[in-house]
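Coordinate analysis (summary)
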There are 2 protein chains.
Amino acid sequence: TIYVITPTYARLVQKAELTRLSQTFLHVPQLHWILVEDAPSPTPLVRDFLASSGLTYTHLHVLTPKDKKLQEGDPGWLKPRGVEQRNEALRWLRETAAAAGGKGPPPENAVVYFADDDNTYSLQLFEEMRYTQRVSVWPVGLVGGMRFERPVVQDGKVVRFHTGWRPGRPFPIDMAGFAVSLKLLLANPKARFDGDAQMGFLESSLLQNLVTIEGLEPKADMCTKVLVWHTRTEKPKMKREEALVKQGIGSDPNVEV
Amino acid sequence: TIYVITPTYARLVQKAELTRLSQTFLHVPQLHWILVEDAPSPTPLVRDFLASSGLTYTHLHVLTPKDKKLQEGDPGWLKPRGVEQRNEALRWLRETAAAAGGKGPPPENAVVYFADDDNTYSLQLFEEMRYTQRVSVWPVGLVGGMRFERPVVQDGKVVRFHTGWRPGRPFPIDMAGFAVSLKLLLANPKARFDGDAQMGFLESSLLQNLVTIEGLEPKADMCTKVLVWHTRTEKPKMKREEALVKQGIGSDPNVEV
Ligand SMILES: O=c1ccn([C@@H]2O[C@H](COP(=O)(O)OP(=O)(O)O)[C@@H](O)[C@H]2O)c(=O)[nH]1
Ligand SMILES: O=c1ccn([C@@H]2O[C@H](COP(=O)(O)OP(=O)(O)O)[C@@H](O)[C@H]2O)c(=O)[nH]1
Ligand SMILES: [Mn+2]
Ligand SMILES: [Mn+2]
């Protein structure tokens, strides 16, 4: 099983993002989607969406505390996004494994991947990560102000990282650029994301507790292929909507978008 | 058959867009993708992408003449995009039908849809348009500065349009908001998009020659459901890449992104 962990939050493009993401995941065998809302309670939009998605899923939620949340006008790099949500999914995975108490299916072949709701994923990516022993890695396109970032591989081993910024970070790898075996996560019950980590060190805060650079498993043809893209979706302008709302003829709020 | 016509052009996010679009289309039975590159000749990236896509497709190309092309810095509304490409696909459809000379499969049930490469399409949308007799219509989300635009239906007929701008246009409908039966397009051999039409009148320039408002077939539960979203993808920043390129250590140009 591939457990895909996705933080998500309410905004105009949310349903569109979840729609195309679910269409990707529907092509992937043995995928279990853990969708974690950044919300005080599950929303009807996401609940109904998941129920009709055709996917195997778990629907969780946890609200990012106000002081950890990016405010309107804050620069994007100020605070990491989706941290509490990914940790909540890790908590659920451990709790579920503990409840099964060795009686459930062995997690030997289970893999965990962190997939933000706005990125673009090729289907091949999931076949690459499916056979992760501990931590596997690959290039990520359109990230960090670069065409791509990637681990540099020599003789089958990761020796350094191609990145435009602070290559000396413990693991200069985007969230979309690695997968972890569930077994390894269960063997290290305290490994989680540190929301207070310095900017750019969020991925490192998890991986440091799990693996060394020598232990990384390079995928995607020794990290020579881009199979995932850190795309971002424009925030839609609502100027005309606001004008119509003032005239009392805005778009029907009962129609879900 | 649903013929889906998509204009596309080379840019950093192109392969990502085509990737998620193809994953949508792979779920749709009897879909034939007509992908038209805005390029002087077919590009290897698109050719290879299509060949391994698993889809039924036709790969065309036509370069938008320089004087019709939006220049860097021009406001987005100045010139319509993808016009020559959509017309080239219409030309191909007519030529192909003529070559079959009535001997091919009858186009009775064939439908034509114009799907830009950056929008988001639900799978239900294709089931709605599949049974188009002449021209079918439905709401489009996140378009025109609005939550959604849509035809307003009374007693099963379109009577006006909910839009934030010039509702008096002949057909104030986004490109993503209608489908046309192939039969109707073949019966009107001169119907095409007019790239010189006033801003916002591109869709009208085609539809005016095909149908009246009374003849529109409302879909998506009498135009009460949003099944397609006019999403747009951010242009990725390349600041770090440019800095690295100056130092001679940019991302390997041989790696396709
Ligand atoms: O307040 C927020 C902002 C973002 N996210 C989620 O966190 C992930 C990363 O956010 P985003 O894509 O905006 O970050 P970036 O593209 O800048 O890496 C995405 O899955 C978002 O849906 C969230 O749960 N709460
Ligand atoms: O120079 C261009 C710009 C755009 N397009 C295509 O035309 C369609 C509409 O363009 P875009 O999505 O940029 O327009 P908007 O989102 O502003 O409606 C898309 O399929 C693009 O790939 C094109 O062929 N050549
Ligand atoms: Mn993102
Ligand atoms: Mn667009």
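Residues numbered from 1 in each chain as written. Chains lettered and ligands numbered in written order. Predicted model: local features only at pLDDT ≥ 70, side-chain atom pairs only at ≥ 80, totals over all residues. Heavy atoms only, no water.

This next bit is on the overall build of chain A. Assigned secondary structure in chain A consists of 8 helices and 12 strands. When its C-alpha atoms are laid out on the principal axes, chain A stretches across 65 × 45 × 35 Å. Contacts in chain A between residues far apart in sequence, at least 24 positions, make up 73% of those at least 6 positions apart. In the form shown here, chain A has an accessible surface area of approximately 11,800 Å², with 52% of it arising from carbon and sulfur atoms. Here chain A holds 32 positive side-chain charges and 30 negative ones, and the gap between their average locations is 2 Å. (Helix = DSSP H or I, 4+ residues; strand = E, 2+ residues; numbered from the N terminus. Contact = heavy atoms within 4.5 Å. Areas by Shrake-Rupley, 256 points an atom, 1.4 Å probe, with all protein chains shown as cover. Lys, Arg positive; Asp, Glu negative; His and termini not counted. Charge placed at Lys NZ, Arg CZ, Asp CG, Glu CD.)

On to the coordination of the manganese ion (ligand 4), then. Protein ligation of the manganese ion (ligand 4) involves B:Asp118 (OD) and B:Asp118 (OD), the donor distances falling in the range 2.1 to 2.5 Å. Locating B:Asp118 in the fold gives a position in the loop between strand 4 (111-114) and strand 5 (120-121). (Donors = N, O, S within 2.8 Å, 3.2 Å for Na, K, Ca; no water.)

Glancing now at the pattern of salt bridges. For the structure shown, the criterion picks out 22 salt bridges over all chains. When the shortest N-O distance is used, the salt bridge between B:Glu256 and B:Lys15 registers 2.7 Å. Remark: B:Lys15 occurs in helix 1 (residues 14-25) and B:Glu256 occurs in the segment after helix 8 (239-246); sequence separation between them is 241 residues. What makes B:Glu256 partly exposed here is its relative accessible area of 34%. You can call B:Lys15 buried: its relative accessible area is 16%. Residues joined in a network through salt bridges with shared partners are A:Glu88, A:Arg91 and A:Glu95. (Salt bridge = Lys/Arg side-chain N within 4 Å of Asp/Glu carboxyl O. Buried < 20%, exposed > 50% of the residue type's maximum accessible area, 1.4 Å probe, protein only.)

We now examine helix 3 (residues 83-100) of chain A. Residue and element names in this part refer to chain A. Compared with the 26 Å implied by 1.5 Å per residue over 18 residues, the 26 Å span of helix 3 between its first and last C-alpha is a close match. Buried residues of helix 3: Val83, Gln85, Arg86, Asn87, Glu88, Ala89, Leu90, Trp92, Leu93 and Arg94, and no others. Next to the buried residues of helix 3 lie strand 1 (2-8), strand 2 (31-37), strand 3 (56-61), strand 4 (111-114), helix 5 (182-187) and helix 6 (202-207). Following helix 3 by one or two positions, Gly101 has its phi on the positive side, about 55 degrees. (Expected span 1.5 Å × (residues − 1).)

This brings us to the environment of A:Thr163. Looking at the element boundaries, A:Thr163 is found in the loop between strand 9 (157-162) and strand 10 (178-181). Through-space distance from the C-alpha of A:Thr163 to that of A:Phe114 is 20 Å; in sequence the pair is 49 residues apart. Contacts of A:Thr163, omitting those with residues within four sequence positions, involve A:Met146, A:Glu149, A:Arg169, A:Pro172 and B:Leu244. A distance of 3.1 Å separates polar atoms of two side chains, one belonging to A:Thr163 and the other to A:Glu149. Engagement of the side chain of A:Thr163 in a polar contact is seen with the backbone nitrogen of A:Trp165, the distance being 3.4 Å. (Polar contact = N/O pair within 3.5 Å; in protein donor to acceptor, adjacent residues only side chain to side chain.)

Moving on, we get to the packing of helix 1 (residues 14-25) of chain A against helix 2 (residues 44-51) of chain A. All names here are of chain A. In contact at an axis separation of 11 Å, helix 1 and helix 2 are set at 20 degrees when each is read in the N-to-C sense. Classified by the angle between their axes, helix 1 and helix 2 sit roughly parallel to one another. Helix-helix and strand crossings are classified by hand; for helix 1 and helix 2 the assignment is right-handed. Of the residues in helix 2, those touching helix 1 at Gln14, Lys15, Leu18, Thr19 and Ser22 are Leu45, Val46 and Phe49. (Axes fitted to C-alpha atoms, helices over the stretch in contact; angles between N-to-C directions. Parallel < 35°, antiparallel > 145°, perpendicular 65-115°, else oblique. Left-handed = near helix turned anticlockwise from the far one by under 90°.)

This part covers the pairing of strand 1 (residues 2-8) of chain B. Residue and element names in this part refer to chain B. For strand 1, the tally of buried residues reaches 7 of 7 residues, placing the bulk of the element in the interior. Burial along strand 1 is two-sided: Ile2, Val4, Thr6 and Thr8 facing one way and Tyr3, Ile5 and Pro7 facing the other are all buried. With 7 bridges joining them, strand 1 and strand 2 (residues 31-37) adopt parallel strand pairing. Among the inter-strand pairings, Tyr3 is bridged to a residue of strand 2, identified as His32. Handedness of the crossover joining strand 1 and strand 2 through helix 1 is recorded here as right-handed. Inspection of the sheet shows strand 1 paired to strand 4 by 4 bridges, in the parallel sense. Considered in strand 4, the bridge of Ile2 is made with Val111. (Pairing = 2+ DSSP bridges. Right-handed = clockwise from strand over helix to strand, strands pointing away.)

The next point concerns the sheet that holds strand 3 (residues 56-61) of chain B. All names here are of chain B. Spatial strand order, 3-2-1-4-10-6-11: 7 strands in an open sheet with mixed pairing. The strands lining the two open edges of the sheet, one partner per strand, are strand 3 and strand 11 (217-218). Pairing geometry for strand 6 (residues 135-137) and strand 10 (residues 178-181), over 3 bridges, is antiparallel. In the sheet register, Ser136 faces strand 10, and the bridge partner there is Ala179. Helix-sheet contacts for helix 1 involve strand 1 and strand 2, and the interaxial angle to strand 2 is about 165 degrees.

The next thing to look at is the relation of the copies chain B and chain A. Superposing chain B onto chain A takes a rotation of 180 degrees combined with a translation of 0.0 Å along the rotation axis, leaving an RMSD of 0.0 Å. On this basis, the relationship between the two copies can be described by a two-fold rotation axis. Across chain B, the smallest distance between a C-alpha and the rotation axis is recorded for B:Thr233, namely 2.2 Å. Of all interface residues in chain B, 100% are interface residues in chain A too; the two copies therefore contact each other through one and the same surface. (Least-squares fit on C-alpha atoms with pLDDT ≥ 70 in both.)

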